[in-house]
Amino acid sequence: MSKRHKARLAALNLLFEGNLREISPIDLMTERGVGDISEGEYAQRLVKGVVDHLPTINSSIEGYAQGWDLDRLPAVDRNILRLAIYELLWATEVPEAVAIDEALNFARELSTEDSAKYVHGVLGKIAALKSQLI
C-alpha cells in the first residue's frame with residue numbers, strides 16, 4: 001500500500017467521522033496528531049483542501065449526482081466523492097485516473113459495488129467538466 005493511498009484513507013476516515021459526528025475534520029486531525037504519521041502531511045493537505053473547497057465540492061456533487069440530494073447519499077460515498085473531487089480539481093500533481101481509481105477502490109472496499117458504479121459516473125462527469133468548475 002503506497003503512502004499516498006494510506007494518506008487518502010486517513011483523510012477519508014477523518015472526513016467521514018467529522019461528517020457523522022458533525023465536528024470539524026480539521027479539529028479531529030489536530031486532536032489525533034495526524035501530522036505525526038508518515039503519510040500525515042498529505043492527509044492534512046487533503047482534509048484542509050476538502051474543508052476549504054467544501055461549498056464548491058458539495059455543489060458539484062449535487063449538480064452531478066443524478067436524483068440524489070447530498071444528504072441522501074451514504075456518508076461514506078459522500079466523503080469518497082468529496083476527497084476525489086478535491087484531488088480532481090485542485091491537486092494538479094495527481095493524475096485524474098489516479099484520483100478516480102482510488103475513489104473506486106475505496107467505494108468497493110468500504111461501500112458497495114453499486115456505490116463504485118455511482119461514484120465512477122459522478123467523477124467521470126466532473127472530470128470531463130473540470131475546467132468549468134474551478
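Since the structure is predicted, the reported quantities are computational estimates derived from the model, not experimental observations.

Novice: How should empty space enclosed by the protein be read in this particular structure?
Specialist: Which parts of space are left empty comes out when a probe the size of a water molecule is rolled across the atoms. Counting across every chain of the model gives 1 cavity of 30 Å³ or more. Lining of the largest cavity is provided by Arg8, Ile80, Leu83, Ala84, Glu87, Ala99, Glu102, Ala103 and Phe106. Within the residue set of the lining of the largest cavity, elements represented by two or more residues are α5 (75–90) and α6 (96–110). Partitioning the lining of the largest cavity into residue classes produces 6 nonpolar, no polar and 3 charged.

Novice: Would you explain the side chain of aspartate 77 in this entry?
Specialist: Here aspartate 77 is to be found in helix α5. Buried charge without a salt bridge: aspartate 77, with arginine 78 as the nearest opposite-charge side chain at an N-O distance of 8.9 Å. Here the side chain of aspartate 77 touches serine 115 through a polar contact of 2.7 Å, side chain to side chain. In contact with aspartate 77, not counting residues within four places along its chain, are Ser111 and Ser115.

Novice: When you look at the packing of helix α3 (residues 40–52) against helix α4 (residues 54–64) in this model, what are you seeing that I'm missing?
Specialist: Geometrically, a packed helix pair is captured by the angle between its two axes and the distance between the axes. It is at 5 Å that the axes of α3 and α4 come closest, and there the two elements cross at 75 degrees. Here α3 lies roughly perpendicular to α4, going by the angle between them. In this structure, α3 uses Val50, Val51 and Asp52 to contact α4, whose residues at the interface are Leu54, Pro55 and Ile57. Within the contact of α3 with α4, the residues separate by chemical class into 5 nonpolar, no polar and 1 charged.

Novice: How should I be thinking about α6 in this particular structure?
Specialist: Three or four residues apart is the spacing at which side chains of an α-helix point the same way, because the helix has 3.6 residues per turn. Helix length check: α6 (15 residues) gives 21 Å between terminal C-alpha atoms against 21 Å at 1.5 Å per residue, within 8%. For α6, the complete set of buried residues consists of Ala99, Ile100, Glu102, Ala103, Leu104, Phe106 and Ala107. On its buried face, α6 sits against α1 (3–21), α5 and α7 (113–128).

About the cut-offs
Residues numbered from 1 in each chain as written. Predicted model: local features only at pLDDT ≥ 70, side-chain atom pairs only at ≥ 80, totals over all residues. Heavy atoms only, no water. 1 Å grid on protein atoms, 1.4 Å probe; cavity = no way out; pocket = protein on both sides within 12 Å on 5 of 7 lines; lining within 4 Å. Points joined across faces, edges and corners; volume = space filled by probe spheres on them. Helix = DSSP H or I, 4+ residues; strand = E, 2+ residues; numbered from the N terminus. Nonpolar A, V, L, I, M, F, W, Y, C, P; charged D, E, K, R; others polar. Buried < 20%, exposed > 50% of the residue type's maximum accessible area, 1.4 Å probe, protein only. Lys, Arg positive; Asp, Glu negative; His and termini not counted. Salt bridge = Lys/Arg side-chain N within 4 Å of Asp/Glu carboxyl O. Polar contact = N/O pair within 3.5 Å; in protein donor to acceptor, adjacent residues only side chain to side chain. Contact = heavy atoms within 4.5 Å. Axes fitted to C-alpha atoms, helices over the stretch in contact; angles between N-to-C directions. Parallel < 35°, antiparallel > 145°, perpendicular 65-115°, else oblique. Expected span 1.5 Å × (residues − 1).

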